[in-house]
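For reference, the chains in residue letters:
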Amino acid sequence: MTSVIDGKLIAQKTLDQIKKQIDKIKYYNQKIPTLSVVLVGNNPASLVYVENKKRACISVGMKSIEILLPEDTTTTLLQNTIIKLNTNADVDGILVQLPLPKHIDSKIIIDTISPKKDVDGFHKYNIGALALNSPTICPCTPHGIITLLDSINFNYPGKSAVVIGSSNIVGRPMMLELLNRGCTVTVCNSKTANITSFTKNADLVIVAIGKPKFLNKQHISSNTIIIDVGINRLPNGKICGDVDFEDMIDIVKYITPVPGGVGPMTIATLISNTLICYNHNQNKEKIIQYE
Ligand code: GUN
C-alpha cells in the first residue's frame, strides 16, 4: 500500500498557523509583514509562480509588493532596485524570481540581497550557515520537503537518502538539510553513470531534474519514500512531475503527487520565511547574527 503525501493539506496547515500570527500582529496595530517579489521579463512559468506567491501572501494577511521589470533590465539596474529594497524598512523579505534573463549575472544579484531579507535563503551567508549546521533562513523547496517528511514522522538518522539533481535551489541545500539530520546522502547529477545502483538501496529518493516521468519502478525497491520536485508541462498541456506516479503507486511506501505535493509546500515555506525575516528585522527574535 502506498500513501500519498498531501502537500496541499500540509501547506494549508502551515499557512493557517501563520495567518493566526499575522492576525495577532494586526490586532496590536503593528507593521504588517511585507514581501517584495521582483520579476524580470515575462517568462510564462515565472509569471504563474509569482502570482501564486502573491496570492499566498494575501491569503495570510501579509502585504505583497510586486516589481515587474522589462526583459532588457541590466544587472546594475536590478542591483540598484534591490539596494533600495534592502534599505526600505517597510520591506521584510525580498525574492527575485529565477531564472533571470541570460544577460543578468544571477550570482551578483543573489549576493546583493541583504541576508536578513533573503526569504529564498540563497545568499552565500545563509547557504554557508546551513552548510555549517547553524541554519538561518533555509531555501524554500528543500525546507518544505523537510516539513513533508516530518509530517510522516520520517526518522532521519542513518537513513540512506538519494537526491537526484544538484541545483543551488533544490539539490545542494536538500543534501545539507538531510545531512544535518543524520542521513547518509548521495547526490546524483547528469554525469552519474548508474543512478539505479544508488536509488535501489535508498530509503528516500528526491528527484529535482525537470525531466517528465524520469523515475520509474525499475529504479527503486519497495518501501522507498519518493519526493517529486519536478513540474513539467507535457505537449498535451498537462502537468507532470519527474516521477512516473502511476508506475510507482502500490510499490513505494510514500509518494508526493504533482501537482499538490512539493509545490504548495514551497510557497508555504516562503511565507514562513517572510515571517521569520519580519520577526528578526523587528528585533523580536535574535535568531540571525550577521555581524
Ligand atoms: N525559480 C524556481 N524556484 C524558485 C525559488 O524557489 N525561488 C526563486 N526566487 N526563483 C525560483
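Residues numbered from 1 in each chain as written. Predicted model: local features only at pLDDT ≥ 70, side-chain atom pairs only at ≥ 80, totals over all residues. Heavy atoms only, no water.

Peer 1: Is there a simple way to think about the site of the ligand in this case?
Peer 2: The immediate surroundings of the ligand are formed by Leu95, Val96, Gln97, Leu98, Asp120 and Phe122. Val96 places a polar main-chain atom, nitrogen or oxygen, 2.8 Å from a nitrogen atom of the ligand. Asp120 has a polar side-chain atom sitting 2.6 Å from a nitrogen atom of the ligand. Its free accessible area being 280 Å², the ligand has 83% of it covered by the protein chains. Split by residue class, the shell around the ligand holds four nonpolar, one polar and one charged. (Near = heavy atom within 4 Å. Polar contact = N/O pair within 3.5 Å; in protein donor to acceptor, adjacent residues only side chain to side chain. Areas by Shrake-Rupley, 256 points an atom, 1.4 Å probe, with all protein chains shown as cover. Nonpolar A, V, L, I, M, F, W, Y, C, P; charged D, E, K, R; others polar.)

Peer 1: Help me out: how do you make sense of the environment of Ile10 in this one?
Peer 2: Within the secondary structure, Ile10 is located in helix α1 (residues 7-27). By relative accessible area, which is 15% here, Ile10 ends up buried. Through-space distance from the C-alpha of Ile10 to that of Val170 is 19 Å; in sequence the pair is 160 residues apart. Beyond its immediate stretch of four places on either side in the chain, Ile10 contacts Ile5, Thr147, Leu148, Ser151 and Met265. (Helix = DSSP H or I, 4+ residues; strand = E, 2+ residues; numbered from the N terminus. Buried < 20%, exposed > 50% of the residue type's maximum accessible area, 1.4 Å probe, protein only. Contact = heavy atoms within 4.5 Å.)

Peer 1: Would you explain helix α6 (residues 140-151) in this entry?
Peer 2: The first and last C-alpha atoms of α6 sit 16 Å apart over 12 residues, in line with the 16 Å expected at 1.5 Å per residue. The complete set of buried residues in α6 reads Cys140, Thr141, Pro142, Gly144, Ile145, Ile146, Leu148 and Leu149. Backbone geometry just after α6 places Asn153 at a positive phi near 55°. (Expected span 1.5 Å × (residues − 1).)

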